[in-house]
Amino acid sequence: MPSAAYEAFISRVKEISTARAIESVLEWDQETYMPPRGAEPRAAQLALIAGVAHQRLTDEALGRALAAVEREADPDPVVATNVREMRRLYDRAVKLPTELVQEIARTVALAKTAWVRARKENRFADFAPHLERVLELKRTVAEKIGYTTEPYDALMDEFEPGARAADVQRTFDELKRQLVPLVRAIRDAPRQPNPQLLTRPAPVAAQAAFGRRVAADMGFDFEAGRLDVSVHPFCSGTSPLDVRLTTRYDENYLPASLFGIMHETGHGLYEQGLDPAHAGTPMGTSVSLGIHESQSRLWENLVGRSRSFWAHYFPLLQAEFPAFADVSLEDWTFAINTVRPSYIRVEADEVTYNLHILLRFDLERQLVDGRLRVQEVPEAWNESFQGLLGLTPRTDTEGCLQDIHWSMGILGYFPTYALGNLYAAQFFRAARRALPDLEQRIARGELRPLREWLRENIHRHGQRYRAHELVQRVTGEALSPTPFFEYLRDKYQPLYGF
Ligand code: ZN
(Lines give C-alpha, C1' and ligand atoms only; values in the text may rest on other atoms or scores of the structure.)
Protein backbone atom coordinates (compact mmCIF):
# COMPACT_ATOMS: atom_id res chain seq x y z
CA MET A 1 0.00 0.00 0.00
CA PRO A 2 1.65 3.24 -1.08
CA SER A 3 2.11 5.85 1.64
CA ALA A 4 0.37 9.22 1.55
CA ALA A 5 3.74 10.91 1.05
CA TYR A 6 4.48 8.70 -1.94
CA GLU A 7 1.07 9.38 -3.49
CA ALA A 8 1.54 13.12 -3.11
CA PHE A 9 4.99 12.82 -4.68
CA ILE A 10 3.73 10.74 -7.63
CA SER A 11 0.91 13.12 -8.40
CA ARG A 12 3.50 15.92 -8.78
CA VAL A 13 5.64 13.68 -10.98
CA LYS A 14 2.67 12.91 -13.22
CA GLU A 15 1.86 16.59 -13.60
CA ILE A 16 5.33 17.22 -14.98
CA SER A 17 5.00 14.44 -17.53
CA THR A 18 1.52 15.62 -18.48
CA ALA A 19 2.98 19.04 -19.28
CA ARG A 20 5.75 17.33 -21.29
CA ALA A 21 3.16 15.26 -23.15
CA ILE A 22 1.23 18.41 -24.10
CA GLU A 23 4.49 19.89 -25.36
CA SER A 24 5.14 16.74 -27.41
CA VAL A 25 1.73 16.77 -29.08
CA LEU A 26 2.18 20.44 -29.98
CA GLU A 27 5.62 19.69 -31.44
CA TRP A 28 4.29 16.69 -33.36
CA ASP A 29 1.55 18.88 -34.83
CA GLN A 30 4.09 21.56 -35.70
CA GLU A 31 6.07 19.02 -37.76
CA THR A 32 3.08 17.41 -39.46
CA TYR A 33 -0.16 19.36 -39.89
CA MET A 34 0.27 22.90 -38.58
CA PRO A 35 -0.26 25.50 -41.30
CA PRO A 36 2.73 27.82 -41.91
CA ARG A 37 1.16 30.85 -40.26
CA GLY A 38 0.58 28.85 -37.10
CA ALA A 39 4.28 29.12 -36.27
CA GLU A 40 3.99 32.30 -34.25
CA PRO A 41 1.16 31.31 -31.90
CA ARG A 42 2.70 27.85 -31.61
CA ALA A 43 5.98 29.31 -30.37
CA ALA A 44 4.06 31.09 -27.60
CA GLN A 45 2.16 27.90 -26.70
CA LEU A 46 5.36 25.86 -26.55
CA ALA A 47 7.20 28.48 -24.49
CA LEU A 48 4.39 28.56 -21.94
CA ILE A 49 4.06 24.81 -21.55
CA ALA A 50 7.84 24.28 -21.40
CA GLY A 51 7.94 26.92 -18.67
CA VAL A 52 5.18 25.14 -16.73
CA ALA A 53 7.03 21.82 -16.94
CA HIS A 54 10.30 23.41 -15.82
CA GLN A 55 8.63 25.29 -12.99
CA ARG A 56 6.97 22.08 -11.72
CA LEU A 57 10.24 20.19 -11.92
CA THR A 58 12.20 22.82 -9.99
CA ASP A 59 9.41 23.52 -7.48
CA GLU A 60 10.71 23.36 -3.92
CA ALA A 61 7.51 21.54 -3.02
CA LEU A 62 8.66 18.70 -5.25
CA GLY A 63 12.01 18.74 -3.45
CA ARG A 64 10.22 18.42 -0.10
CA ALA A 65 7.93 15.67 -1.39
CA LEU A 66 10.95 13.80 -2.72
CA ALA A 67 12.82 14.15 0.58
CA ALA A 68 9.79 12.91 2.50
CA VAL A 69 9.58 9.77 0.36
CA GLU A 70 13.33 9.23 0.60
CA ARG A 71 13.05 9.25 4.41
CA GLU A 72 10.58 6.36 4.22
CA ALA A 73 13.20 4.33 2.35
CA ASP A 74 10.62 1.96 0.89
CA PRO A 75 12.57 -0.94 -0.67
CA ASP A 76 9.79 -1.67 -3.19
CA PRO A 77 11.52 -1.59 -6.62
CA VAL A 78 8.82 0.58 -8.21
CA VAL A 79 9.07 3.17 -5.46
CA ALA A 80 12.86 2.98 -5.37
CA THR A 81 13.12 3.47 -9.14
CA ASN A 82 10.78 6.45 -9.20
CA VAL A 83 12.57 8.10 -6.29
CA ARG A 84 16.06 7.47 -7.69
CA GLU A 85 15.28 8.84 -11.14
CA MET A 86 13.28 11.83 -9.94
CA ARG A 87 16.14 12.72 -7.61
CA ARG A 88 18.46 12.67 -10.60
CA LEU A 89 16.16 14.90 -12.69
CA TYR A 90 15.37 17.26 -9.84
CA ASP A 91 19.02 17.73 -8.91
CA ARG A 92 20.02 18.33 -12.53
CA ALA A 93 17.26 20.92 -12.90
CA VAL A 94 17.78 22.85 -9.66
CA LYS A 95 21.56 22.93 -9.93
CA LEU A 96 21.34 25.08 -13.05
CA PRO A 97 20.58 28.74 -12.33
CA THR A 98 17.79 30.25 -14.43
CA GLU A 99 20.20 32.87 -15.82
CA LEU A 100 22.49 30.12 -17.12
CA VAL A 101 19.59 28.27 -18.76
CA GLN A 102 18.43 31.48 -20.42
CA GLU A 103 21.96 32.35 -21.54
CA ILE A 104 22.25 28.92 -23.16
CA ALA A 105 18.93 29.40 -24.94
CA ARG A 106 20.08 32.77 -26.34
CA THR A 107 23.49 31.45 -27.34
CA VAL A 108 22.23 28.37 -29.17
CA ALA A 109 19.59 30.39 -31.02
CA LEU A 110 22.40 32.53 -32.48
CA ALA A 111 24.72 29.55 -32.92
CA LYS A 112 22.11 27.65 -34.90
CA THR A 113 21.57 30.55 -37.30
CA ALA A 114 25.33 30.96 -37.69
CA TRP A 115 25.76 27.23 -38.27
CA VAL A 116 23.10 27.16 -41.01
CA ARG A 117 24.92 29.97 -42.84
CA ALA A 118 28.43 28.63 -42.20
CA ARG A 119 27.44 25.22 -43.50
CA LYS A 120 25.87 26.71 -46.61
CA GLU A 121 28.91 28.88 -47.32
CA ASN A 122 31.48 26.32 -46.16
CA ARG A 123 33.05 28.75 -43.68
CA PHE A 124 33.87 27.04 -40.39
CA ALA A 125 35.57 30.23 -39.14
CA ASP A 126 32.16 31.96 -39.01
CA PHE A 127 30.75 29.24 -36.75
CA ALA A 128 33.87 28.87 -34.56
CA PRO A 129 33.21 31.76 -32.11
CA HIS A 130 29.68 30.43 -31.52
CA LEU A 131 30.96 26.93 -30.84
CA GLU A 132 33.49 28.45 -28.48
CA ARG A 133 30.72 30.14 -26.49
CA VAL A 134 28.53 27.00 -26.50
CA LEU A 135 31.44 24.97 -25.11
CA GLU A 136 32.13 27.53 -22.41
CA LEU A 137 28.51 27.35 -21.25
CA LYS A 138 28.37 23.57 -21.41
CA ARG A 139 31.52 23.37 -19.30
CA THR A 140 29.77 25.56 -16.74
CA VAL A 141 26.78 23.21 -16.87
CA ALA A 142 29.08 20.25 -16.22
CA GLU A 143 30.71 22.03 -13.26
CA LYS A 144 27.31 22.92 -11.74
CA ILE A 145 25.95 19.41 -12.16
CA GLY A 146 29.13 17.76 -11.00
CA TYR A 147 31.03 14.67 -12.07
CA THR A 148 33.58 12.29 -10.68
CA THR A 149 35.94 11.73 -13.62
CA GLU A 150 35.54 14.31 -16.36
CA PRO A 151 33.08 17.04 -17.37
CA TYR A 152 31.90 15.11 -20.43
CA ASP A 153 30.28 12.55 -18.09
CA ALA A 154 27.96 15.19 -16.68
CA LEU A 155 26.80 16.11 -20.19
CA MET A 156 26.39 12.53 -21.41
CA ASP A 157 24.40 11.71 -18.27
CA GLU A 158 21.48 13.68 -19.67
CA PHE A 159 21.09 11.16 -22.51
CA GLU A 160 22.67 7.96 -21.19
CA PRO A 161 22.27 8.06 -17.41
CA GLY A 162 25.16 6.55 -15.54
CA ALA A 163 27.44 6.14 -18.58
CA ARG A 164 31.11 7.14 -18.21
CA ALA A 165 33.14 8.51 -21.10
CA ALA A 166 36.19 6.43 -20.17
CA ASP A 167 34.16 3.19 -20.37
CA VAL A 168 32.56 4.24 -23.63
CA GLN A 169 36.02 5.05 -24.99
CA ARG A 170 37.29 1.56 -24.18
CA THR A 171 34.31 -0.04 -25.92
CA PHE A 172 34.69 2.21 -28.94
CA ASP A 173 38.44 1.57 -29.20
CA GLU A 174 37.77 -2.14 -29.33
CA LEU A 175 35.03 -1.62 -31.90
CA LYS A 176 37.37 0.47 -34.03
CA ARG A 177 40.02 -2.24 -34.00
CA GLN A 178 37.49 -4.72 -35.38
CA LEU A 179 35.59 -2.43 -37.70
CA VAL A 180 38.28 -0.62 -39.70
CA PRO A 181 39.68 -3.82 -41.29
CA LEU A 182 36.14 -5.06 -41.99
CA VAL A 183 35.29 -1.89 -43.91
CA ARG A 184 38.48 -2.31 -45.96
CA ALA A 185 37.70 -5.96 -46.68
CA ILE A 186 34.23 -5.04 -47.89
CA ARG A 187 35.58 -2.21 -50.03
CA ASP A 188 38.11 -4.52 -51.70
CA ALA A 189 35.78 -7.51 -52.00
CA PRO A 190 35.40 -9.20 -55.39
CA ARG A 191 31.60 -9.08 -55.35
CA GLN A 192 29.81 -5.73 -55.13
CA PRO A 193 26.08 -4.90 -54.99
CA ASN A 194 24.06 -2.84 -57.43
CA PRO A 195 22.37 -0.14 -55.31
CA GLN A 196 21.12 1.48 -58.54
CA LEU A 197 18.23 -0.96 -58.65
CA LEU A 198 16.83 0.62 -55.47
CA THR A 199 16.04 3.81 -57.39
CA ARG A 200 13.32 2.20 -59.48
CA PRO A 201 9.97 4.03 -59.30
CA ALA A 202 7.72 3.22 -56.34
CA PRO A 203 4.43 5.15 -56.04
CA VAL A 204 4.06 6.92 -52.70
CA ALA A 205 0.59 5.55 -51.93
CA ALA A 206 1.86 1.98 -52.33
CA GLN A 207 4.89 2.76 -50.16
CA ALA A 208 2.61 4.09 -47.43
CA ALA A 209 0.39 1.01 -47.56
CA PHE A 210 3.35 -1.37 -47.54
CA GLY A 211 5.04 0.48 -44.67
CA ARG A 212 1.88 0.40 -42.57
CA ARG A 213 1.50 -3.30 -43.21
CA VAL A 214 5.04 -4.01 -42.01
CA ALA A 215 4.56 -1.77 -38.95
CA ALA A 216 1.34 -3.60 -38.10
CA ASP A 217 3.02 -6.99 -38.57
CA MET A 218 5.78 -5.84 -36.20
CA GLY A 219 3.00 -5.36 -33.66
CA PHE A 220 2.55 -1.59 -33.73
CA ASP A 221 -0.94 -0.83 -32.43
CA PHE A 222 -2.57 1.70 -34.74
CA GLU A 223 -5.37 2.14 -32.19
CA ALA A 224 -2.71 3.60 -29.91
CA GLY A 225 -0.57 5.35 -32.48
CA ARG A 226 -0.32 7.01 -35.86
CA LEU A 227 2.01 7.19 -38.84
CA ASP A 228 2.25 10.53 -40.65
CA VAL A 229 4.65 12.48 -42.84
CA SER A 230 7.30 14.99 -41.77
CA VAL A 231 10.51 16.42 -43.21
CA HIS A 232 12.64 14.81 -40.48
CA PRO A 233 11.22 11.44 -39.37
CA PHE A 234 10.74 10.89 -35.64
CA CYS A 235 8.79 9.01 -33.00
CA SER A 236 7.13 10.90 -30.21
CA GLY A 237 5.60 8.99 -27.35
CA THR A 238 3.34 10.81 -24.93
CA SER A 239 1.89 7.63 -23.40
CA PRO A 240 1.86 3.92 -24.30
CA LEU A 241 -1.66 4.66 -25.55
CA ASP A 242 -0.64 7.41 -27.97
CA VAL A 243 2.55 7.05 -29.97
CA ARG A 244 3.17 9.17 -33.08
CA LEU A 245 5.52 8.04 -35.85
CA THR A 246 6.50 9.96 -38.95
CA THR A 247 8.32 9.14 -42.15
CA ARG A 248 9.04 10.69 -45.53
CA TYR A 249 8.52 9.30 -49.00
CA ASP A 250 10.73 9.46 -52.06
CA GLU A 251 9.10 8.14 -55.21
CA ASN A 252 12.48 7.08 -56.55
CA TYR A 253 13.90 5.57 -53.42
CA LEU A 254 11.67 3.07 -51.65
CA PRO A 255 14.22 2.13 -48.94
CA ALA A 256 14.03 5.63 -47.38
CA SER A 257 10.45 5.22 -46.24
CA LEU A 258 10.54 1.48 -45.66
CA PHE A 259 13.57 1.32 -43.40
CA GLY A 260 12.61 4.68 -41.92
CA ILE A 261 9.23 3.24 -40.91
CA MET A 262 10.80 0.10 -39.46
CA HIS A 263 13.24 2.29 -37.52
CA GLU A 264 10.57 4.57 -36.06
CA THR A 265 8.26 1.61 -35.41
CA GLY A 266 11.07 0.07 -33.36
CA HIS A 267 11.05 3.22 -31.25
CA GLY A 268 7.25 3.16 -31.21
CA LEU A 269 7.03 -0.45 -30.00
CA TYR A 270 9.24 0.52 -27.07
CA GLU A 271 6.89 3.37 -26.17
CA GLN A 272 3.79 1.19 -26.57
CA GLY A 273 5.45 -1.57 -24.56
CA LEU A 274 5.98 0.56 -21.47
CA ASP A 275 3.68 -0.41 -18.62
CA PRO A 276 0.55 1.84 -18.75
CA ALA A 277 0.12 1.34 -14.99
CA HIS A 278 3.31 3.39 -14.53
CA ALA A 279 2.63 5.98 -17.23
CA GLY A 280 4.06 9.39 -16.47
CA THR A 281 6.62 8.10 -13.96
CA PRO A 282 10.19 6.84 -14.43
CA MET A 283 8.93 3.23 -14.13
CA GLY A 284 6.89 3.94 -17.27
CA THR A 285 9.69 5.72 -19.13
CA SER A 286 12.40 4.43 -21.47
CA VAL A 287 15.87 3.82 -20.01
CA SER A 288 18.08 6.01 -22.17
CA LEU A 289 18.60 7.21 -25.72
CA GLY A 290 21.04 4.36 -26.35
CA ILE A 291 18.50 1.73 -25.32
CA HIS A 292 15.82 3.50 -27.36
CA GLU A 293 18.07 3.49 -30.40
CA SER A 294 18.80 -0.20 -29.88
CA GLN A 295 15.12 -0.93 -30.46
CA SER A 296 14.93 1.06 -33.69
CA ARG A 297 18.20 -0.33 -35.06
CA LEU A 298 17.30 -3.87 -34.16
CA TRP A 299 14.16 -3.73 -36.28
CA GLU A 300 15.60 -1.60 -39.06
CA ASN A 301 18.88 -3.48 -39.56
CA LEU A 302 19.04 -6.83 -37.80
CA VAL A 303 15.52 -7.73 -38.90
CA GLY A 304 14.77 -5.39 -41.81
CA ARG A 305 17.98 -5.92 -43.73
CA SER A 306 18.10 -9.68 -43.17
CA ARG A 307 17.55 -12.33 -45.77
CA SER A 308 15.03 -14.09 -43.52
CA PHE A 309 12.80 -11.04 -43.41
CA TRP A 310 12.83 -10.64 -47.17
CA ALA A 311 12.18 -14.32 -47.80
CA HIS A 312 8.64 -13.48 -46.72
CA TYR A 313 8.31 -9.83 -47.69
CA PHE A 314 10.05 -9.61 -51.04
CA PRO A 315 7.34 -11.48 -53.00
CA LEU A 316 4.79 -9.21 -51.32
CA LEU A 317 6.83 -6.15 -52.27
CA GLN A 318 7.11 -7.34 -55.87
CA ALA A 319 3.35 -7.78 -56.04
CA GLU A 320 2.85 -4.14 -55.00
CA PHE A 321 5.75 -2.62 -56.95
CA PRO A 322 5.93 -3.96 -60.53
CA ALA A 323 9.25 -2.15 -61.15
CA PHE A 324 10.91 -4.78 -58.95
CA ALA A 325 9.30 -7.79 -60.61
CA ASP A 326 12.49 -8.94 -62.37
CA VAL A 327 14.80 -8.42 -59.37
CA SER A 328 15.96 -11.54 -57.56
CA LEU A 329 15.76 -11.90 -53.79
CA GLU A 330 19.57 -12.21 -53.76
CA ASP A 331 20.15 -8.99 -55.70
CA TRP A 332 17.62 -7.14 -53.55
CA THR A 333 19.13 -8.32 -50.28
CA PHE A 334 22.60 -7.44 -51.53
CA ALA A 335 21.52 -3.98 -52.71
CA ILE A 336 19.88 -3.03 -49.38
CA ASN A 337 23.14 -4.02 -47.70
CA THR A 338 25.39 -1.79 -49.76
CA VAL A 339 28.39 -0.69 -47.72
CA ARG A 340 30.41 2.25 -48.92
CA PRO A 341 32.47 4.76 -46.91
CA SER A 342 30.87 8.17 -47.39
CA TYR A 343 31.14 11.63 -45.88
CA ILE A 344 27.68 12.14 -44.43
CA ARG A 345 26.72 10.37 -41.21
CA VAL A 346 22.96 10.30 -41.76
CA GLU A 347 23.46 8.58 -45.12
CA ALA A 348 25.91 5.99 -43.79
CA ASP A 349 25.26 2.23 -43.89
CA GLU A 350 25.20 0.08 -40.76
CA VAL A 351 28.86 -0.96 -41.08
CA THR A 352 30.48 2.45 -41.52
CA TYR A 353 27.95 4.36 -39.38
CA ASN A 354 29.65 3.76 -36.06
CA LEU A 355 32.96 5.09 -37.40
CA HIS A 356 31.24 8.44 -37.93
CA ILE A 357 30.18 8.33 -34.29
CA LEU A 358 33.60 7.30 -32.96
CA LEU A 359 35.08 10.36 -34.60
CA ARG A 360 32.50 12.74 -33.12
CA PHE A 361 32.73 11.23 -29.64
CA ASP A 362 36.50 11.56 -29.63
CA LEU A 363 36.48 15.18 -30.83
CA GLU A 364 33.71 16.46 -28.58
CA ARG A 365 35.21 14.81 -25.54
CA GLN A 366 38.49 16.60 -26.28
CA LEU A 367 36.67 19.87 -26.93
CA VAL A 368 34.82 19.69 -23.61
CA ASP A 369 37.93 19.09 -21.53
CA GLY A 370 39.97 21.60 -23.54
CA ARG A 371 42.50 19.26 -25.12
CA LEU A 372 41.30 20.31 -28.56
CA ARG A 373 40.78 23.94 -29.52
CA VAL A 374 37.85 25.00 -31.66
CA GLN A 375 39.97 26.30 -34.51
CA GLU A 376 41.69 22.90 -34.73
CA VAL A 377 38.42 21.06 -35.36
CA PRO A 378 38.45 20.97 -39.19
CA GLU A 379 41.96 19.58 -39.33
CA ALA A 380 41.38 17.07 -36.53
CA TRP A 381 38.13 16.00 -38.18
CA ASN A 382 39.68 15.40 -41.59
CA GLU A 383 42.69 13.59 -40.21
CA SER A 384 40.54 11.29 -38.11
CA PHE A 385 38.14 10.73 -41.01
CA GLN A 386 40.98 9.64 -43.26
CA GLY A 387 42.20 7.19 -40.63
CA LEU A 388 38.78 5.68 -39.99
CA LEU A 389 37.11 5.73 -43.39
CA GLY A 390 39.94 6.21 -45.85
CA LEU A 391 38.49 9.45 -47.20
CA THR A 392 39.23 13.13 -46.63
CA PRO A 393 36.23 15.49 -46.76
CA ARG A 394 36.68 17.98 -49.56
CA THR A 395 34.91 20.73 -47.63
CA ASP A 396 33.90 21.43 -44.02
CA THR A 397 30.30 21.36 -45.19
CA GLU A 398 30.68 17.64 -45.84
CA GLY A 399 32.99 17.38 -42.82
CA CYS A 400 32.80 19.03 -39.42
CA LEU A 401 29.89 21.36 -40.30
CA GLN A 402 27.42 18.64 -41.30
CA ASP A 403 25.61 18.02 -37.99
CA ILE A 404 23.27 20.37 -36.18
CA HIS A 405 24.01 18.99 -32.67
CA TRP A 406 26.86 21.23 -31.51
CA SER A 407 25.08 24.37 -32.68
CA MET A 408 22.16 23.38 -30.43
CA GLY A 409 24.43 22.83 -27.46
CA ILE A 410 23.86 19.07 -27.64
CA LEU A 411 27.10 17.45 -26.50
CA GLY A 412 27.33 13.90 -25.21
CA TYR A 413 24.47 12.72 -27.43
CA PHE A 414 26.42 11.22 -30.35
CA PRO A 415 27.72 8.15 -28.50
CA THR A 416 24.14 6.98 -27.85
CA TYR A 417 23.71 6.21 -31.58
CA ALA A 418 26.63 3.78 -31.57
CA LEU A 419 25.71 2.34 -28.18
CA GLY A 420 22.28 1.65 -29.67
CA ASN A 421 23.85 -0.43 -32.43
CA LEU A 422 25.91 -2.41 -29.95
CA TYR A 423 22.99 -3.01 -27.57
CA ALA A 424 20.83 -4.04 -30.54
CA ALA A 425 23.23 -6.81 -31.55
CA GLN A 426 23.51 -8.03 -27.95
CA PHE A 427 19.74 -8.08 -27.49
CA PHE A 428 19.13 -9.80 -30.81
CA ARG A 429 21.66 -12.48 -29.95
CA ALA A 430 19.90 -13.05 -26.62
CA ALA A 431 16.51 -13.18 -28.36
CA ARG A 432 17.78 -15.85 -30.76
CA ARG A 433 19.07 -17.86 -27.85
CA ALA A 434 15.73 -17.62 -26.09
CA LEU A 435 13.67 -18.27 -29.25
CA PRO A 436 15.60 -20.89 -31.23
CA ASP A 437 13.18 -20.76 -34.18
CA LEU A 438 13.22 -16.95 -34.37
CA GLU A 439 14.82 -16.76 -37.83
CA GLN A 440 12.38 -19.28 -39.29
CA ARG A 441 9.46 -17.38 -37.84
CA ILE A 442 10.74 -14.08 -39.25
CA ALA A 443 11.07 -15.85 -42.61
CA ARG A 444 7.36 -16.68 -42.36
CA GLY A 445 6.47 -13.09 -41.58
CA GLU A 446 5.82 -13.82 -37.91
CA LEU A 447 7.33 -10.80 -36.19
CA ARG A 448 5.23 -10.80 -33.03
CA PRO A 449 7.30 -13.29 -31.02
CA LEU A 450 10.26 -10.91 -31.21
CA ARG A 451 8.13 -7.98 -30.12
CA GLU A 452 6.83 -10.03 -27.18
CA TRP A 453 10.35 -10.96 -26.15
CA LEU A 454 11.50 -7.33 -26.31
CA ARG A 455 8.44 -6.20 -24.39
CA GLU A 456 8.90 -8.79 -21.69
CA ASN A 457 12.64 -8.32 -21.27
CA ILE A 458 13.13 -4.63 -21.97
CA HIS A 459 10.08 -2.42 -22.52
CA ARG A 460 7.92 -3.22 -19.53
CA HIS A 461 10.71 -2.55 -17.01
CA GLY A 462 10.77 1.18 -17.72
CA GLN A 463 13.73 2.73 -15.91
CA ARG A 464 13.97 0.04 -13.27
CA TYR A 465 17.47 -0.83 -14.50
CA ARG A 466 20.10 1.51 -15.84
CA ALA A 467 21.33 0.67 -19.35
CA HIS A 468 24.40 -1.29 -18.25
CA GLU A 469 22.35 -3.32 -15.73
CA LEU A 470 19.64 -4.03 -18.26
CA VAL A 471 22.14 -5.32 -20.82
CA GLN A 472 23.76 -7.50 -18.17
CA ARG A 473 20.40 -8.90 -17.04
CA VAL A 474 18.98 -9.52 -20.49
CA THR A 475 22.08 -10.87 -22.23
CA GLY A 476 24.14 -12.21 -19.32
CA GLU A 477 27.04 -10.00 -20.44
CA ALA A 478 28.27 -6.45 -20.04
CA LEU A 479 28.20 -4.03 -22.96
CA SER A 480 30.52 -5.39 -25.64
CA PRO A 481 31.23 -4.56 -29.29
CA THR A 482 31.81 -8.22 -30.13
CA PRO A 483 28.23 -9.37 -30.83
CA PHE A 484 27.80 -6.39 -33.16
CA PHE A 485 31.05 -7.10 -34.94
CA GLU A 486 30.24 -10.81 -35.27
CA TYR A 487 26.80 -10.01 -36.61
CA LEU A 488 28.38 -7.81 -39.30
CA ARG A 489 31.08 -10.33 -40.17
CA ASP A 490 28.65 -13.24 -40.43
CA LYS A 491 26.35 -11.25 -42.67
CA TYR A 492 28.79 -9.40 -44.93
CA GLN A 493 31.41 -12.10 -45.50
CA PRO A 494 29.08 -14.38 -47.49
CA LEU A 495 27.38 -11.43 -49.21
CA TYR A 496 30.58 -9.85 -50.52
CA GLY A 497 32.52 -13.11 -50.80
CA PHE A 498 35.73 -12.25 -48.98
ZN1 ZN B 1 16.26 6.53 -33.90
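This section reports on the structure supplied with the text.

Here is what the cut-offs are and how they apply
- Residues numbered from 1 in each chain as written.
- Predicted model: local features only at pLDDT ≥ 70, side-chain atom pairs only at ≥ 80, totals over all residues.
- Heavy atoms only, no water.
- Helix = DSSP H or I, 4+ residues; strand = E, 2+ residues; numbered from the N terminus.
- Rg over C-alpha atoms; globule rule 2.2 N^0.38 Å.
- Buried < 20%, exposed > 50% of the residue type's maximum accessible area, 1.4 Å probe, protein only.
- Contact = heavy atoms within 4.5 Å.
- Axes fitted to C-alpha atoms, helices over the stretch in contact; angles between N-to-C directions.
- Parallel < 35°, antiparallel > 145°, perpendicular 65-115°, else oblique.
- Left-handed = near helix turned anticlockwise from the far one by under 90°.
- Core = buried A, V, L, I, M, F, W, Y, C linked by side-chain atoms within 4.5 Å.
- Pairing = 2+ DSSP bridges.
- Donors = N, O, S within 2.8 Å, 3.2 Å for Na, K, Ca; no water.
- Salt bridge = Lys/Arg side-chain N within 4 Å of Asp/Glu carboxyl O.
- Expected span 1.5 Å × (residues − 1).
- Polar contact = N/O pair within 3.5 Å; in protein donor to acceptor, adjacent residues only side chain to side chain.

### Brief notes about the overall build of the chain
So, step 1. Scanning the chain from N- to C-terminus turns up 20 helices and 3 strands.
So, step 2. A compact globule built from 498 residues should have a C-alpha radius of gyration of about 23 Å, and the chain, at 23 Å, falls within 12% of that.
So, step 3. When the backbone C-alpha atoms are referred to their principal axes, the chain occupies close to 65 × 55 × 50 Å.
So, step 4. In the chain, buried positions account for 53% of the 498 residues.
So, step 5. Restricting to contacts in the chain with at least 6 residues of sequence separation, those with at least 24 account for 73%.

### Structural notes on the packing of helix α11 (residues 289–303) against helix α18 (residues 448–457)
So, step 1. For the pair α11 and α18, interaxial distance at closest approach is 12 Å and the crossing angle is 155°. Comparing their axes, α18 and α11 come out roughly antiparallel. Seen from above, α11 lies across α18 with right-handed handedness. Residues Q295, L298, W299 and V303 of α11 form the contact with α18, whose participating residues are L450, R451 and L454.

### Notes on the nonpolar core
So, step 1. Core analysis: the biggest nonpolar cluster contains 127 residues, and I291, W310, L317, W332 and F427 have the highest contact counts within it.
So, step 2. No other element matches helix α16 (residues 414–434), which puts 12 residues into this core.
So, step 3. Apart from the residues lying within four places of it in its own chain, the contact partners of W332 are L197, L198, L254, W310, F314, L317, F324 and V327.
So, step 4. With 15 residues, the next largest nonpolar core counts F9, I16, L62 and V79 among its residues.

### Quick word on the pairing of strand β2 (residues 235–239)
So, step 1. Bridging between β2 and strand β3 (residues 242–247) involves 4 bridges; their strand directions are antiparallel. Across the sheet, the residue bridging to S236 is R244, located in β3.
So, step 2. Adjacent in sequence and paired antiparallel, β2 and β3 are bridged by 2 residues.

### A closer look at the coordination of the zinc ion
So, step 1. For the zinc ion, the protein coordination sphere consists of H263 (NE2), H267 (NE2) and E293 (OE), at 2.1 to 2.3 Å.
So, step 2. Between consecutive donors of the zinc ion, the numbers of intervening residues give the motif H-x3-H-x25-E. Taken together, the residues H263 in helix α10 (residues 254–273) and E293 in helix α11 connect sequence positions 30 residues apart. There is no split in this pair, since H263 and E293 are both buried.

### Digging into the pattern of salt bridges
A side chain with one charge may pair with a side chain of the opposite charge, provided their charged atoms come close.
So, step 1. Using the criterion set out here, one finds 39 salt bridges in the structure.
So, step 2. Among the salt bridges present, the one from R92 reaches E158, with a minimum N-O distance of 3.7 Å. A residue pair is termed long-range when its members are at least 10 positions apart, and R92 in helix α4 (residues 77–95) and E158 in the loop between α7 (151–156) and α8 (165–187) qualify at 66 residues.
So, step 3. Residue classification places E158 among the partly exposed residues on the basis of a relative accessible area of 43%.

### Quick look at the sheet that holds β2
So, step 1. The strand order across the open sheet formed by 3 strands is β1-β3-β2, and the pairing between neighbours is mixed. The sheet is open, and its two edges are formed by β1 (225–229) and β2, each paired on a single side. Averaged over all neighbouring strand pairs, the angle between strand axes comes to 15°, with direction disregarded.
So, step 2. Seen against the sheet, α10 touches β1, β2 and β3 and runs at an angle of roughly 165° to β3.

### A few points about the pairing of β3
So, step 1. The buried fraction of β3 is high, at 5 of 6 residues.
So, step 2. Here β1 pairs with β3 via 5 bridges, running parallel. Within β3, the residue paired with D228 across the bridge is T246.

### Quick notes on unusual backbone geometry
So, step 1. A positive phi is found at A73, a non-glycine position, where the angle reads about 45°.
So, step 2. Along the chain, A73 turns up in the loop between α3 (60–72) and α4.

### Focus on α3
So, step 1. Over its 13 residues, α3 runs 19 Å from end to end, which matches the ideal 18 Å to within 8%, given 1.5 Å per residue.
So, step 2. Of the positions making up α3, those classed as buried are A61, L62, G63, A65, L66 and V69.
So, step 3. On its buried face, α3 is in contact with α1 (4–32), α2 (39–58) and α4.
So, step 4. A distance of 2.9 Å separates the backbone nitrogen of A61 from a side-chain oxygen at the start of α3, and that oxygen is part of D59.
So, step 5. A73, located one to two residues past α3, shows a positive phi value of around 45°.

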